[in-house]
Amino acid sequence: MRKHIVAGNWKMNNDLAQTETLISELKKQIKTSDAEVMIAPSFTNLWHTFEATRNDDIEVVAQNMHFAENGAYTGEVSASMLKSVGIQTVILGHSERRAYYNETDESLAKKVDAALAHDMRIIFCFGEELADRKAGNEESVVESQIKNALFHLEALTFKNIVLAYEPVWAIGTGETASPEQAQDMHAFIRKTLESKYGNVVADDMTILYGGSVKPANAKEIFGKPDVDGGLIGGAALKAEDFYAIVNAF
Ligand code: PGA
């Protein structure tokens, strides 16, 4: 059985006081769920959030990391730094990082290698832009993003990888991919994995959908056979909405 995951990406939101408030509201909402729950606060709040949720069914994950071990990279954070504050999982390749910080397939491949070298779990994000979809190129764009950053890996390492399909046109726009569009792409992603790594890796892969998931649409999207959960932005900032999404399974 594939794991179900719902991960909240807080992006650059919530200072320390707001983080404390949101954590205490999240704790009130926790129920036994079929899905693993993750939240990704900013770097400054990782340690505090990790400590504050130590005994809860919530995993704290990072939004990004550098590929180098250490050194002269002002403003960056390494895998070993994350691990030293209890973080086991990192989001890599989010479209906002690709768009605003020039992250490329090549730099992401290095980040993937660095995270795996530290035995971290990766939520690897990718997805087409609106122009790609309008031109009918969404599958080739997604295929090349996956191949370029991940297909140098050995099959065994995929147990540490979760994929997150996030069509750029649906992120923060209120426009969601239809459940059918999500299903079609997720099935294509699984087929792409199968072509290189075989059906065990493909069948076991957790593939999340991200892009304007809300309580009102989560159930229908998560009901599709190849959608194994969600990466949630805006709706993760409200405890009630976030857990309504978690409980959509
Ligand atoms: P959104 O963000 O839910 O606000 O669209 C999703 C994401 O960027 O991961």
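Residues numbered from 1 in each chain as written. Predicted model: local features only at pLDDT ≥ 70, side-chain atom pairs only at ≥ 80, totals over all residues. Heavy atoms only, no water.

Some remarks on the overall build of the chain
Okay, so step 1: A count of helical and extended segments in the chain gives 11 helices and eight strands.
Okay, so step 2: Judged by the C-alpha coordinates and their principal axes, the chain covers about 45 × 45 × 35 Å.
Okay, so step 3: Counting every position in the chain, which comprises 249 residues, the buried fraction comes to 53%.
Okay, so step 4: Counting contacts in the chain only where the partners sit at least 6 residues apart, residues at least 24 apart contribute 72% of the total.
Okay, so step 5: By element, 50% of the accessible surface of the chain is carried by carbon and sulfur atoms, the whole surface being about 11300 Å².
Okay, so step 6: With 24 positive and 36 negative side-chain charges, the chain shows a separation of 1 Å between the mean positions of the two kinds. (Helix = DSSP H or I, 4+ residues; strand = E, 2+ residues; numbered from the N terminus. Buried < 20%, exposed > 50% of the residue type's maximum accessible area, 1.4 Å probe, protein only. Contact = heavy atoms within 4.5 Å. Areas by Shrake-Rupley, 256 points an atom, 1.4 Å probe, with all protein chains shown as cover. Lys, Arg positive; Asp, Glu negative; His and termini not counted. Charge placed at Lys NZ, Arg CZ, Asp CG, Glu CD.)

Overview of the pairing of strand S8 (residues 229-232)
In regular strands, side chains alternate between the two faces of the sheet.
Okay, so step 1: A two-sided burial pattern is seen for S8, the buried positions comprising Gly229 and Leu231 on one face and Gly230 and Ile232 on the other.
Okay, so step 2: When strand S1 (residues 4-9) meets S8, the two strands line up parallel, connected through four bridges. Across the sheet, Val6 pairs through a bridge with Gly230, a residue of S8.
Okay, so step 3: Judged from the two bridges that link them, strand S7 (residues 207-210) and S8 form a sheet pairing that is parallel. (Pairing = 2+ DSSP bridges.)

Concerning the UniProt feature "active site" (unreviewed entry) in the chain
Okay, so step 1: The residues that UniProt annotates with the feature "active site" (unreviewed entry) are His94 and Glu166. Despite a sequence span of 73 residues, these residues sit close together in the fold, their greatest C-alpha distance being 8.3 Å. Lining the largest pocket, from this annotated set, are His94.
Okay, so step 2: Tracing the backbone shows His94 in the loop between strand S4 (89-92) and helix H4 (95-100).
Okay, so step 3: Structurally, Glu166 is set in the loop between strand S6 (161-165) and helix H8 (179-197).
Okay, so step 4: Residue Glu166 is classed as buried on the basis of its relative accessible area, which comes to 5%.
Okay, so step 5: Leave out the neighbours within four places in its chain, and Glu166 touches His94, Cys125, Phe126, Gly127, Ile171, Gly210, Gly211 and Leu231.
Okay, so step 6: Looking at Glu166, its side chain comes within polar contact range of the side chain of His94, at 3.3 Å. (UniProt positions renumbered as here; feature names shortened; annotations may be inferred. 1 Å grid on protein atoms, 1.4 Å probe; cavity = no way out; pocket = protein on both sides within 12 Å on 5 of 7 lines; lining within 4 Å. Polar contact = N/O pair within 3.5 Å; in protein donor to acceptor, adjacent residues only side chain to side chain.)

Some points on the environment of Lys224
Okay, so step 1: For Lys224, the location among the structural elements is in the loop between helix H10 (215-222) and S8.
Okay, so step 2: With 38 residues separating them along the chain, Lys224 and His186 place their C-alpha atoms 9.4 Å apart.
Okay, so step 3: Setting aside its immediate chain neighbours within four residues, Lys224 contacts Pro179, Glu180 and Gln183.

Concerning the site of the ligand
Okay, so step 1: Within the structure, the ligand sits among 13 residues, and Lys11, His94, Glu166, Gly172 and Ser212 are positioned closest to it.
Okay, so step 2: A distance of 2.7 Å separates an oxygen atom of the ligand from a polar atom in the side chain of Lys11.
Okay, so step 3: For the ligand, an oxygen atom lies 2.7 Å from a polar atom in the side chain of His94.
Okay, so step 4: Taking 280 Å² as the accessible area of the ligand by itself, protein coverage stands at 95%.
Okay, so step 5: Of the residues contributing to the shell around the ligand, the split by class is four nonpolar, seven polar and two charged. (Near = heavy atom within 4 Å. Nonpolar A, V, L, I, M, F, W, Y, C, P; charged D, E, K, R; others polar.)

Some remarks on the pairing of strand S5 (residues 121-126)
Okay, so step 1: Counting buried positions along S5 yields six of six residues, so the element is predominantly enclosed.
Okay, so step 2: Both faces of S5 are covered, namely the face carrying Arg121, Ile123 and Cys125 and the face carrying Ile122, Phe124 and Phe126.
Okay, so step 3: The sheet contact formed by S4 and S5 spans four bridges and is parallel. Paired with Val90 across the two strands is Ile122, which belongs to S5.

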